[in-house]
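Tertiary structure, described
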Amino acid sequence: NQLYLQKDVIQRLMRCQDYLDSLHYGIRLKIFDGVRPLEVQRKMWTSMDTIPPIERGKFVSNPKFGSVHNFGAAVDLTICDSLGNDLDMGAGYDDFRTIAFPVKEAYFLKTGALSKKQYENRKLLRSTMKLQGFSSIPSEWWHFNAYPRREAQDRFGMLINESCRHRE
């Protein structure tokens, strides 16, 4: 499998890894997803057609507007330990339950559905990414944007399909 991201996004991720190395030798970023062609975005959007668009948009960006992933400027990732095991974040990657929502963490921490350790793991991931200017979204603990959508659109061409055709 290959993963594509904009060059400066990769450089920023490398600095995030350097920071993690300075905290604890052996913990690593593990990347799940990077650039996503608009064609794939459309298929993902359509496959969730039983979910109303307003709710669907919490999990998949409407292809009419595009996703920061379409520009190679968003990344889905976690942290794993020195043995390659994902740190426990209290919800898996691409888990669409509300326990995966960063904006709901205080509630789930209070109810005990999210442990302090799981919260601390999420907080470590967010703080590491924030050091290099990445921003998170309210509904996925694993998703980080290197740029706001408009800036990504202005800086980079949108990848339309896997044959690497771009829209200017």
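Right, let's walk through the structure included here. Keep in mind the model is a prediction, meaning the values are calculated, not measured.

1. What about the sheet that holds strand E2 (residues 74-80)?
A sheet is described by the order of its strands in space; here four strands give the open sequence E1-E2-E4-E3, paired in antiparallel fashion. Where the open sheet ends on each side, the last strands, each with one partner, are strand E1 (28-33) and strand E3 (135-137). Within this sheet the neighbouring strands show an average axis-to-axis angle of 45 degrees, counted without direction. Inspection of the sheet shows E2 paired to strand E4 (residues 140-145) by three bridges, in the antiparallel sense. Following the sheet pairing, Asp76 is matched in E4 by His143. The strands touched by helix H5 (residues 116-130) are E1, E2, E3 and E4; relative to E2, the strand with the most contacts, the crossing angle is about 130 degrees.

2. As for the pattern of salt bridges
Tallied over the full model, the rule gives ten salt bridges. A salt bridge links Asp21 to Arg28; its shortest N-O distance comes to 2.7 Å. For Asp21, a relative accessible area of 29% gives the class partly exposed. Residue Arg28 is classed as partly exposed on the basis of its relative accessible area, which comes to 32%.

3. Focus: helix H2 (residues 38-47)
When H2 is considered as a whole, its buried residues turn out to be Leu38, Gln41 and Trp45. Down the axis of H2, the smallest arc covering the buried residues is 50 degrees, so these residues share one side. Across H2 from its buried face, at more than 90 degrees, point the exposed residues Lys43 and Ser47.

4. Considering the packing of aromatic side chains
Here the structure, examined in full by the defined rule, presents seven aromatic pairs. Relative to Tyr93, the ring of Phe32 lies with its centre 4.1 Å away and its plane at 15 degrees, an arrangement referred to as stacked. Of this pair, Phe32 sits in strand E1 while Tyr93 sits in the loop between E2 and helix H4 (105-111), and the two are 61 residues apart along the sequence. On the accessibility criterion, Phe32 (26% relative accessible area) is partly exposed.

5. Thoughts on the side chain of Asn121
Here Asn121 shows up in helix H5. Judged by relative accessible area, which is 7%, Asn121 ranks as buried. Among the polar contacts made by the side chain of Asn121, one reaches the main-chain carbonyl oxygen of Asp88 at a distance of 2.8 Å. Beyond its immediate sequence surroundings of up to four residues, Asn121 is in contact with Leu87, Asp88 and Met89.

Parameters and conventions
- Every residue gets a number counted from 1 within its own chain, in the order that chain's sequence is written.
- With the structure being a predicted model, the display of local features is reserved for residues of pLDDT at least 70 and the display and counting of side-chain atom pairs for 80 or more, all residues being used for whole-chain, interface and lining totals.
- Computation of side-chain values: all heavy atoms of the structure, hydrogens and water removed.
- A pair of strands counts as paired when DSSP detects no fewer than two bridges linking them.
- Runs of E in the DSSP output that reach at least two residues are strands. Runs of H or I that reach at least four are helices, and both are numbered from the N terminus.
- Angles here are taken between N-to-C directions and fall from 0 to 180 degrees, while the axes themselves are lines fitted to C-alpha atoms, restricted in helices to the stretch in contact.
- Contact between two residues is taken to exist if any of their heavy atoms lie within 4.5 Å; hydrogens are not considered.
- A side-chain nitrogen of Lys or Arg and a carboxyl oxygen of Asp or Glu constitute a salt bridge if their distance falls within 4 Å.
- Type-normalised accessible area, obtained with a 1.4 Å probe on protein chains alone, sets the label of each residue: buried when under 20%, exposed when over 50%, and partly exposed for intermediate values.
- Throughout, the arc means the angular range of directions from the helix axis out to the C-beta atoms.
- Each Phe, Tyr or Trp ring, with Trp reduced to its six-membered ring, pairs with another whose centre is within 6.5 Å; inter-plane angles below 30 degrees give stacked pairs, above 60 give edge-to-face pairs, and intermediate values give tilted ones.
- Polar contact is the term for a pair of N or O atoms within 3.5 Å; when the atoms are in protein, one must be able to donate a hydrogen and the other to accept it, and sequence-neighboring residues count only if both atoms are side-chain atoms.

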